[in-house]
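Chain residues, written in single-letter form:
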Amino acid sequence: MKLVKVIDDQQKIFVAVWEEDLLYPLQSQGRWLHHLSEVLEHVDPIAFASSLRSPHSVPLEQVTMLAPIDQQEVWAAGVTYKRSRSARMEESESAADCYDRVYQSPRPELFFKASPHRVAGPHEPLRIRHDSKWNVPEPELTLVLNSRLELVGFTIGNDMSSRDIEGDNPLYLPQAKVYDQCCGLGPCITLAQAMPTVAEIEIQLQISRGDQTMFAERIGVDQMARGFQELIGWLGRDQSFPSGVFLLTGTGIVPDSSFTLAVDDVVSISISGIGTLSNRIVQFGGAEQ
Ligand code: DO4
Ligand code: MG
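Structural notes, computed from the coordinates. Note that this is a predicted model, so its numbers are computed, not measured.

Definitions and cut-offs
Residues numbered from 1 in each chain as written. Chains lettered and ligands numbered in written order. Predicted model: local features only at pLDDT ≥ 70, side-chain atom pairs only at ≥ 80, totals over all residues. Heavy atoms only, no water. Helix = DSSP H or I, 4+ residues; strand = E, 2+ residues; numbered from the N terminus. Rg over C-alpha atoms; globule rule 2.2 N^0.38 Å. Buried < 20%, exposed > 50% of the residue type's maximum accessible area, 1.4 Å probe, protein only. Contact = heavy atoms within 4.5 Å. Areas by Shrake-Rupley, 256 points an atom, 1.4 Å probe, with all protein chains shown as cover. Lys, Arg positive; Asp, Glu negative; His and termini not counted. Charge placed at Lys NZ, Arg CZ, Asp CG, Glu CD. Salt bridge = Lys/Arg side-chain N within 4 Å of Asp/Glu carboxyl O. Polar contact = N/O pair within 3.5 Å; in protein donor to acceptor, adjacent residues only side chain to side chain. Near = heavy atom within 4 Å. Nonpolar A, V, L, I, M, F, W, Y, C, P; charged D, E, K, R; others polar. Phe/Tyr/Trp six-rings, centres within 6.5 Å; stacked < 30°, edge-to-face > 60°. Pairing = 2+ DSSP bridges. Axes fitted to C-alpha atoms, helices over the stretch in contact; angles between N-to-C directions. Parallel < 35°, antiparallel > 145°, perpendicular 65-115°, else oblique. Left-handed = near helix turned anticlockwise from the far one by under 90°. Disulfide = S-S within 2.5 Å.

## Overview of the overall build of the protein
Okay, step 1: Within the protein one finds seven helices and 21 strands.
Okay, step 2: In terms of overall size, the protein behaves like a compact globule, its C-alpha atoms giving a radius of gyration of 19 Å where 289 residues would be expected to give roughly 19 Å.
Okay, step 3: Summarising its shape, the C-alpha atoms of the protein cover approximately 60 × 40 × 40 Å along the three principal directions.
Okay, step 4: Going through the 289 residues of the protein one by one, you find that 53% of them count as buried.
Okay, step 5: Of all intrachain contacts in the protein linking residues separated by at least 6 positions in sequence, the fraction that spans at least 24 positions is 74%.
Okay, step 6: For the protein, the exposed area adds up to about 12900 Å²; of that, 49% sits on carbon and sulfur atoms.
Okay, step 7: The centroid of the 24 positive side-chain charges in the protein is displaced by 3 Å from the centroid of its 38 negative side-chain charges.

## Comments concerning the side chain of Asp 8
Okay, step 1: Of note, Asp 8 is situated in strand E1 (residues 2-8).
Okay, step 2: Although Asp 8 lies buried, it forms no salt bridge, and the closest oppositely charged side chain, Lys 12, sits 5.5 Å away as judged by the N-O distance.
Okay, step 3: One polar contact links the side chain of Asp 8 to the main-chain amide nitrogen of Gln 10, over a distance of 2.9 Å.
Okay, step 4: Beyond its immediate stretch of four places on either side in the chain, Asp 8 contacts Phe 14, Gln 62 and Val 63.

## With respect to the site of ligand 1
Okay, step 1: Around ligand 1 lies a shell of 16 residues, among which Val 79, Ser 84, Glu 109, Lys 177 and Thr 251 are the nearest.
Okay, step 2: Within the side chain of Glu 166, an N or O atom sits 3.4 Å from an oxygen atom of ligand 1.
Okay, step 3: Here an oxygen atom of ligand 1 and a backbone polar atom of Thr 251 are 2.9 Å apart.
Okay, step 4: When isolated, ligand 1 has an accessible area of 270 Å², and the protein chains bury 99% of it.
Okay, step 5: If you list the elements that add at least two residues to the shell around ligand 1, you get strand E8 (73-78), helix H3 (82-91), strand E9 (109-114) and helix H6 (173-177).
Okay, step 6: For the shell around ligand 1, the per-class residue count stands at five nonpolar, four polar and seven charged.

## Concerning the side chain of Thr 142
Okay, step 1: Tracing the backbone through its elements, the reader meets Thr 142 in strand E13 (residues 139-145).
Okay, step 2: A polar side-chain atom of Thr 142 sits 3.1 Å from the main-chain amide nitrogen of Gly 157.
Okay, step 3: Apart from residues no more than four positions distant in its own chain, Thr 142 is found in contact with Gly 153, Phe 154, Thr 155, Ile 156, Gly 157, Leu 185, Phe 246, Leu 247 and Leu 248.

## Some details on the packing of aromatic side chains
Okay, step 1: Within this structure, the stated rule accounts for five aromatic pairs.
Okay, step 2: Ring centres of Phe 14 and Trp 32 lie 4.7 Å apart, and the angle between their planes is 90°; this geometry places the pair in the edge-to-face category. One end of the pair, Phe 14, is in strand E2 (residues 13-19); the other, Trp 32, is in strand E5 (residues 31-32), with 18 residues separating them in the sequence.
Okay, step 3: Ring geometry for Trp 75 and Phe 112: centres 5.9 Å apart, planes at 85°, overall edge-to-face.

## Topic: the sheet that holds strand E21 (residues 275-282)
Two strands in a sheet stick together by hydrogen bonds in their backbones, pointing the same way (parallel) or opposite ways (antiparallel).
Okay, step 1: One open sheet accounts for five strands, arranged E11-E21-E20-E17-E18; its pairing is mixed. Every interior strand has two partners, whereas the edge strands, strand E11 (126-127) and strand E18 (212-220), have only one.
Okay, step 2: Relative to E18, strand E17 (residues 202-209) runs antiparallel, the two sharing eight bridges. Bridging across to E18, Gln 204 finds its partner in Arg 218.

## Some points on the packing of H3 against helix H4 (residues 96-104)
Okay, step 1: Where H3 contacts H4, the axes come no closer than 8 Å and their chain directions differ by 165°. Between H3 and H4, the angle falls in the class roughly antiparallel. When you trace H3 past H4, the crossing you get is right-handed. Taken together, the residues of H4 that come into contact with H3 (itself represented by Lys 82, Arg 85, Arg 88 and Met 89) are Ala 96, Tyr 99, Asp 100, Tyr 103 and Gln 104.
Okay, step 2: Per-class residue counts for the contact of H3 with H4 are four nonpolar, one polar and four charged.

## Comments concerning unusual backbone geometry
Okay, step 1: A cis amide bond links Gly 186 with the next residue in sequence, Pro 187, at an omega value of 0°.
Okay, step 2: Along the polypeptide, Pro 187 turns up in strand E16 (residues 183-191).
Okay, step 3: Its identity as a non-glycine residue notwithstanding, Asp 238 has a phi of 60°, on the positive side.
Okay, step 4: Structurally, Asp 238 can be placed in the loop between helix H7 (228-235) and strand E19 (245-248).

## Quick word on the state of the cysteines
Okay, step 1: With the rule as written, the count across this model stands at zero disulfides.
Okay, step 2: Free cysteine: Cys 188, not disulfide-bonded; nearest cysteine sulfur from Cys 183 at 15 Å.
Okay, step 3: Judged by relative accessible area, which is 0%, Cys 188 ranks as buried.

Encoded structure:
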């Protein structure tokens, strides 16, 4: 079952089950659900959503999809694939060793990625920083966890990254990773029971410039060096998430060093069992100090 959060032309936000071109809003006692968390927090999200599903559908083209997030924080894991390790070792000569060590260490790299206001949904713009010259998208399978840190669903995440800022000094990581419009999420949440197995999940990235494909690559999630429950266990050490949390699981695709994103590029990420998340790239000037 796929859940979406949408807004209609009356500016009404609601949660719905998504089947092909139709949406089935979730209703309880005549009230339309506005928050995905009401389903994600339930002990049996699929049974709960099925019981609230309206028999009347809304055509997908009559609404705009929003990022499938309420009040959750967004965190990310890093260096969970060999390709991320090698790309980071190349970009960061002085600190190459720390990426090699974190790939092999029991403790993973985990970092805060975004609060909800920094997240872009389907077809909303994603930003490259005005003070960076080398930027890439990172296509990442994203775990959807409720407040009990149960893995209740999956979505697509784009962990936008400024490679020159991170490469200059690893202590700049928060600036390379966290800024307005730094994270894409969507288009839906596929509830956990409806996801294919890890061996069957493939991530595809395509970057288009006008009618040209600038980059296209794919990778299987079975190439990831860590398991979902391993990452969740580390994330939950000594911290709680009263509204739940999204956890991006790291990238296995990094374009080679000659590539950087440009304004108006369109980044499309497809993941088996979920769908495709597409975003256009923007950049704004800023006054330097
Ligand atoms: O170490 C820096 C970030 C790594 C990352 O975002 C990734 O591997 O996806
Ligand atoms: Mg990443």
